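What follows is each chain in one-letter form.
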Amino acid sequence: MAQESLAERSTWTGKWAFILAAAASAVGLGNLWRFPYLAAKYGGGAFLLTYIVLVFTFGISLMVLEVAIGRKTGQSAVTAFKSLKSRYAFIGIIVSIIPFIIAPYYCIIGGWVLKYFVAYCSMAPSALADEGQFFISFITGSSESFIYMALFMLACFVIVALGVEGGIEKANLVMMPLLILFAVGLAIYTMTLPGASAGVAYYLLPDFSKFSAEMVLGAMGQMFYSMSLAMGIIITYGSYMRKTDAIVSSSVRIAGFDLLVAFLAGLMMVPASFMALGSAEAVSGSAGPSLMFIIMPNLIDSMGTVGKLIGIVFFVLVLFAALTSAISLVETCGSILIDAFGLTRRYALVAVYLFIFLCGVFVDLGFSKLSFIEPLGAGSSLLDLFDFVSNVVLMPIAAILTCVFVGWVITPQTIIDEVKSSGKFPFTTAWTFLIKYVAPVLIAIILVGYVGAQFGFIKI
Ligand code: PHE
């Protein structure tokens, strides 16, 4: 059955095309914005070290698992679980809801990034550095934020509409090398700014007194999000993989790519925000969008004449990262509709576009006409709600179910056989133990911890 659907299914042109595509999905706003903020909050080097250990244990293990499910079944998440064991079709449905929740708000933030890129091209950096006025009036204003969201979505859909090979692969081939180049350039530049050394030292030298359970939970949550795990993306991308390409070595490279960009982002953003705010506490106090859309513009403005160039390069970098991640979301949503309802690719994409646009408008209205809706307490927005439901609630549930399904229902051997059919799979005993016991328990702790913290039962 899997073979039949594979016949008409797109495939990557090679191993590197797959690696680049999965890395392009993984490298996103999470790396450039969330990772540096968490690193600043949780003790710099100690967080960095914890994160690296988690990526090379849990991250790669779960990535191997998802790629193998996709490749074995040749299906996107929605039907992959069903084709492995029909009684467990519901897991596929839960996993498949997640990209549909993330896509609208990811495109809204993509629109903000596009706006900032255009603004740095057309205005003086000082116009954007006004303690948040520029940002607030843009997101709460009437039509502009919708237009930028629509433009961002358009760019993304044109690329996806050109197909896996003709669109996504080609776009990644252009955007990803530039992204790395800009990230390296900006990291070097910020490190040489006067006053940067304290931030660099904080980021690179681990202070083990900062080690805490909360930090590990934060690092683990970030790892899932950053590696695009537990949201159907890697399963879908794995389903386009050739039967001959090695799964473990590809997963290691994808993880390495993602880690490299997060590391570079930290190297530029942690010292930068230190310089702008003076201390780690201040940085962690200004969580969320303000780091990227308010604090960075202030700092860019203080750089003098090079500020404009830095602003443009920085937001092109963020834009590429956001665009390549959004592409993977749209492709995943499209392929879910194709597999679930037998739609053609064209109709599936039209349906996805309409859905994301309408939901996006609704979520975006949460900053203006619907701002009276504060779903997670005073000051929260509809965007926060979408983020919470997908990242804090559904993703851990999806990850636990996936691990239990593989560990206890289809058995790890099924996945091990798939992986070994095209390459090496070292440490299978440790991997099996991790999937059966460690991962489900730890992820359950994250779920309870975060949901409990949100509703005030637990303090983290
Ligand atoms: N992994 C991406 C990041 O780090 C986020 C992402 C989420 C990408 C959902 C695609 C889908 O930003």
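These figures come from a predicted structure and were not determined experimentally. (Residues numbered from 1 in each chain as written. Predicted model: local features only at pLDDT ≥ 70, side-chain atom pairs only at ≥ 80, totals over all residues. Heavy atoms only, no water.)

Trainee: Looking at this structure, how should I read the layout of surface pockets?
Mentor: Regions of empty space are outlined by a rolling probe, equal in size to a water molecule, passed over the atoms. Each pocket or cavity is described by its volume, and for the largest pocket that value is around 1,300 Å³. Examining the composition of the lining of the largest pocket, we find that nine residues originate from one element, helix H18 (residues 382-409), more than from any other. Of the residues contributing to the lining of the largest pocket, the split by class is 27 nonpolar, eight polar and five charged. (1 Å grid on protein atoms, 1.4 Å probe; cavity = no way out; pocket = protein on both sides within 12 Å on 5 of 7 lines; lining within 4 Å. Points joined across faces, edges and corners; volume = space filled by probe spheres on them. Helix = DSSP H or I, 4+ residues; strand = E, 2+ residues; numbered from the N terminus. Nonpolar A, V, L, I, M, F, W, Y, C, P; charged D, E, K, R; others polar.)

Trainee: What am I meant to see in a nonpolar patch on the surface here?
Mentor: On the surface, a cluster of nonpolar side chains totalling about 460 Å² of accessible area is made up of Ile147, Leu151, Leu154, Val158 and Leu162. Along the chain, the position of Leu162 falls in the loop between helix H8 (144-161) and helix H9 (164-191). (Patch = residues over 30% accessible without salt bridge, like charges linked within 9 Å, V, L, I, M, F, W, Y side chains within 5 Å. Areas by Shrake-Rupley, 256 points an atom, 1.4 Å probe, with all protein chains shown as cover. Salt bridge = Lys/Arg side-chain N within 4 Å of Asp/Glu carboxyl O.)

Trainee: For this particular structure, what's the right way to read the site of the ligand?
Mentor: Lining the immediate surroundings of the ligand are 16 residues, of which Ala26, Leu29, Gly30, Asn31 and Tyr225 lie closest. Here an oxygen atom of the ligand sits 2.9 Å away from a polar atom, N or O, in the main chain of Leu29. Asn31 has a polar side-chain atom sitting 3.0 Å from an oxygen atom of the ligand. Relative to its free-state accessible area of 320 Å², the ligand is covered by the protein chains to the extent of 100%. When each cavity is represented as a set of grid points, the ligand is found to reside in the largest cavity. Looking at the shell around the ligand, the elements that each hand over two or more residues are helix H2 (15-26), helix H3 (29-41), helix H6 (89-122), helix H11 (213-226) and helix H16 (307-341). In terms of residue class, the shell around the ligand is made up of eight nonpolar, eight polar and no charged. (Near = heavy atom within 4 Å. Polar contact = N/O pair within 3.5 Å; in protein donor to acceptor, adjacent residues only side chain to side chain. Sits in = over half its atoms within 2 Å of the grid points.)

Trainee: Help me out: how do you make sense of helix H17 (residues 345-365) in this one?
Mentor: With 21 residues, H17 ought to run about 30 Å at 1.5 Å a step, and its terminal C-alpha atoms sit 30 Å apart, in line with that. Those residues of H17 that fall on the buried side of the exposure criterion are Ala348, Leu349, Val352, Ile356, Cys359, Gly360, Val363 and Asp364. Viewed end-on, H17 has its buried residues packed into an arc of 130 degrees, placing them on one side of the element. Of the exposed residues in H17, those oriented more than 90 degrees away from the buried face are Arg346, Tyr347, Leu354 and Leu358. Elements that come into contact with the buried residues of H17 comprise H6, H8, H16 and H18. (Expected span 1.5 Å × (residues − 1). Buried < 20%, exposed > 50% of the residue type's maximum accessible area, 1.4 Å probe, protein only. Arc of directions from axis to C-beta. Contact = heavy atoms within 4.5 Å.)

Trainee: Is there a simple way to explain the pattern of salt bridges in this structure?
Mentor: For side chains of opposite charge, pairing can occur when their charged atoms come near one another. Across all of its chains, the model carries six salt bridges by this definition. Residues Glu418 and Lys243 are paired through a salt bridge, measuring 3.4 Å at the closest nitrogen-oxygen approach. With Glu418 in helix H19 (residues 412-420) and Lys243 in the loop between helix H12 (233-239) and helix H13 (247-277), the pair connects residues that are 175 residues apart, well separated along the chain. Ionic contacts of the salt-bridge type, sharing partners, join the residues Arg71, Lys243 and Glu418 into one network.

Trainee: Looking at this structure, how should I read unusual backbone geometry?
Mentor: Leaving glycine out, the prevailing phi sign among residues is negative, and the prevailing peptide bond configuration is trans. The phi dihedral of Ser228 is positive, around 55 degrees, even though this residue is not glycine. One can find Ser228 in the loop between H11 and H12. Here Phe427, not a glycine, exhibits a phi torsion of approximately 55 degrees, which is positive. Taking the relative accessible area as the measure of exposure, Phe427 reaches 70% and is therefore exposed.

Trainee: Teacher, can you tell me more about empty space enclosed by the protein here?
Mentor: Scanning the model with the defined rule gives three cavities of 30 Å³ or more in all. The calculated volume of the largest cavity comes to roughly 110 Å³. In this structure, the largest cavity is lined by 15 residues; those nearest its centre are Ser25, Tyr106, Tyr225, Ser228 and Ser325. Secondary-structure elements contributing two or more residues to the lining of the largest cavity are H2, H3, H6, H11 and H16. No other element matches the three residues that H16 contributes to the lining of the largest cavity.

Trainee: What is the right way to read the packing of aromatic side chains from this model?
Mentor: A ring pair, where both rings are aromatic, is described by two values, the distance of the centres and the angle of the planes. The tally for this structure, following the rule as stated, stands at 30 aromatic pairs. Their ring planes at 65 degrees and their centres at 5.7 Å tell us that Trp12 and Tyr240 sit as a pair that is edge-to-face. Residue Trp12 is found in the loop between helix H1 (2-7) and H2, and its partner Tyr240 is found in the loop between H12 and H13; the two are separated by 228 residues along the sequence. With respect to class, Trp12 is no different from Tyr240; both count as buried. With centroids separated by 5.7 Å and ring planes inclined at 55 degrees, the aromatic side chains of Phe35 and Phe47 adopt a geometry described as tilted. You can see Phe35 sitting in helix H3 and its partner Phe47 sitting in helix H4 (residues 45-73), a full 12 residues away along the chain. Of the two residues examined, Phe35 and Phe47, each falls in the buried class. Positioned above the aromatic ring of Tyr225 is the side chain of Arg34, whose terminal nitrogen or guanidinium carbon lies 5.7 Å from the ring centre. Note that Lys436 overlies the ring of Trp408, its terminal NZ or CZ placed 4.4 Å from the centroid. (Phe/Tyr/Trp six-rings, centres within 6.5 Å; stacked < 30°, edge-to-face > 60°. Lys NZ or Arg CZ within 6 Å of the ring centre and 35° of its normal.)

Trainee: Got a minute to help me understand the nonpolar core in this structure?
Mentor: As a rule of thumb, nonpolar side chains are buried together in soluble globular proteins. Formed by 173 residues in total, the largest nonpolar core has its most connected members in Trp112, Phe224 and Phe314. Residues contacting Trp112, with those up to four places away along its chain left out, are Phe135, Phe138, Ile139, Pro289, Phe293, Phe367 and Leu383. (Core = buried A, V, L, I, M, F, W, Y, C linked by side-chain atoms within 4.5 Å.)

Trainee: Quick question: what am I supposed to make of H9 here?
Mentor: Working note: α-helix, 3.6 residues per turn, so residues spaced by three or four point in the same direction. Compared with an ideal rise of 1.5 Å per residue, which puts 28 residues at 40 Å, H9 spans 38 Å between its outermost C-alpha atoms and is within 8% of the ideal. Maximal helix bending in H9 amounts to about 25 degrees, located at Leu173; proline Pro177 follows within four positions. (Bend = angle between axes of the 7 residues up to and from the residue.)

Trainee: Mind showing me how you'd approach the environment of Ala340 here?
Mentor: With respect to the helices and strands, Ala340 occurs in helix H16. By relative accessible area, which is 35% here, Ala340 ends up partly exposed. For the pair Ala340 and Ser302, spaced 38 residues apart in sequence, the C-alpha separation works out to 52 Å.

Function-wise, these values are silent; they only describe arrangement.
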